[in-house]
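Structural characterization, general
If you want the building blocks of each chain, they are given just below.
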Amino acid sequence: TVQFGVHSILGPVYGKWVATGAERSQLGYPTSDELTTAGGAHFATFRPLPGPNAAGGGGIVSTPSYGTWALLGTIFTVWRADEAGPQLLGAPVADEVRQHVGGVALRSQGFATGTVYDSTVGADCVLYGPILAQYLTDGGPTGSLGLPTSSVFTLANGDLEATFQFGTLTSPPG
């Protein structure tokens, strides 16, 4: 496009873009060539033209081990920041799930070693490791803890912690 220039996307990334509806999807048009992370994942960024999907955008990520997945909006932003920093999430392993929990809209997406939960009670909360494992054992978003209100963070003593609508989980690291 005139707005975003000409970009090269190939193979699985291109195939997923077409499968999602190409430029008519929430992803919109490519805004980068296909890039590769230090971990070997291939990805491209996308953004819609102004209009009904203007709040969309995101990226498509492909790895030989986990397949090719669309990451929409802020979930893609969180993954990019994680890839550039602590690398807690790993590669995506599933498409985004949208559901309502207790009247609250929730978006979530699973990754090889973590999950991103996004809602009005907790924006872009990253859960991983023993905190994520216990949260899922306790029923996840529809369980007794409710929705995440924070990402996992490290306490002064080294323990990991995350807060939820109806409680807190704390765990030794690892």
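Residues numbered from 1 in each chain as written. Predicted model: local features only at pLDDT ≥ 70, side-chain atom pairs only at ≥ 80, totals over all residues. Heavy atoms only, no water.

**Let's talk about the environment of Gln 109**
The condition is simple: Numbering of helices and strands runs from the N terminus, with a helix taken as a DSSP run of H or I at least four residues long and a strand as a DSSP run of E at least two residues long. Only protein chains enter the calculation, and the probe is 1.4 Å; a residue is then buried if its accessible area is under 20% of its type maximum, exposed if over 50%, and partly exposed in between. We call two residues in contact when some of their heavy atoms are within 4.5 Å. Any pair of N or O atoms that falls within 3.5 Å is considered a polar contact. Within protein, one atom must be able to donate a hydrogen and the other to accept it, and sequence-neighbouring residues count only if both atoms are side-chain atoms.
With respect to the helices and strands, Gln 109 occurs in strand 7 (residues 104–111). Look at Gln 109 and you get buried, because its relative accessible area is 1%. For Gln 109 and Glu 96, which are 13 residues apart along the polypeptide, the C-alpha to C-alpha distance reads 4.5 Å. With sequence-adjacent residues up to four places away left out, Gln 109 is seen in contact with Trp 69, Ala 70, Leu 71, Ile 75, Pro 92, Ala 94, Asp 95, Glu 96, Gly 114, Thr 115 and Val 116. Of note is the side chain of Gln 109, whose polar atom sits 3.1 Å from the backbone oxygen of Ala 70.

**Section: the packing of aromatic side chains**
We apply this condition: Any two of the Phe, Tyr and Trp rings considered here, Trp counted by its six-membered ring, make a pair once their centres fall within 6.5 Å; the pair's planes then place it as stacked at under 30 degrees, edge-to-face at over 60, or tilted in between.
Counted according to the given criterion, the structure contains 7 aromatic pairs. When the centroid spacing of 6.1 Å and the interplanar angle of 55° are considered together, the rings of Tyr 14 and Trp 17 count as tilted. Of the two residues, Tyr 14 and Trp 17 both sit in helix 1 (residues 11–20), 3 residues apart, roughly one turn of that helix. Ring geometry for Tyr 117 versus Tyr 135: centroids 5.6 Å apart, planes at 90°, classification edge-to-face. Of this pair, Tyr 117 sits in strand 8 (residues 114–119) while Tyr 135 sits in helix 3 (residues 129–137); the two residues are 18 residues apart in sequence, bridging distant segments of the chain. The buried category is assigned to Tyr 117, whose relative accessible area is 4%. Within the aromatic cluster, the residues linked to one another by ring pairs are Tyr 14, Trp 17 and Phe 46.

**Points about the sheet that holds strand 7**
Either a parallel or an antiparallel arrangement is found when strands of a sheet pair, and the pairing is made through backbone hydrogen bonds. Put simply, the rule reads: Strands were regarded as paired on the criterion that DSSP finds at least two bridges between them. Every axis in this analysis is a line fitted to C-alpha atoms, fitted for helices over the stretch in contact. Angles between the N-to-C directions lie between 0 and 180 degrees.
With antiparallel pairing, the 4 strands of this open sheet are ordered in space as 6-7-8-9. Bordering the open sheet on either side are strand 6 (97–101) and strand 9 (125–128), each of which pairs with just one other strand. Strand-to-strand, the axes of this sheet are offset by a mean angle of 25°, without reference to chain direction. Bridge count between strand 8 and strand 9: 4 bridges; the pairing is antiparallel. From the neighbouring strand, Tyr 117 faces strand 9, where its bridge partner is Cys 125. Packed on one face of the sheet, helix 2 (residues 73–84) meets strand 7, strand 8 and strand 9 and runs near 40° to strand 7. Where helix 3 meets the sheet, its contacts fall on strand 8 and strand 9, and the angle it forms with strand 9 comes to roughly 95°.

**Comments concerning the side chain of Asp 124**
As a reminder of what qualifies: His is not counted here, nor are the chain ends, while Lys and Arg score as positive and Asp and Glu score as negative. Think of a salt bridge as a Lys or Arg side-chain nitrogen and an Asp or Glu carboxyl oxygen that are within 4 Å of each other.
Turning to its location among the elements, Asp 124 is positioned in the loop between strand 8 and strand 9. One buried charged residue, Asp 124, forms no salt bridge at all, with the nearest opposite charge on Arg 107 at 5.0 Å. In this structure Asp 124 touches Thr 74, Ile 75, Val 78, Val 116, Tyr 117, Asp 118 and Ser 151, once residues within four positions along its chain are discounted.

**Observations concerning unusual backbone geometry**
With a phi close to 55°, Gln 87 is a non-glycine residue in the positive phi region. Among the secondary structure elements, Gln 87 is positioned in the loop between helix 2 and strand 6. Its identity as a non-glycine residue notwithstanding, Asp 124 has a phi of 50°, on the positive side.

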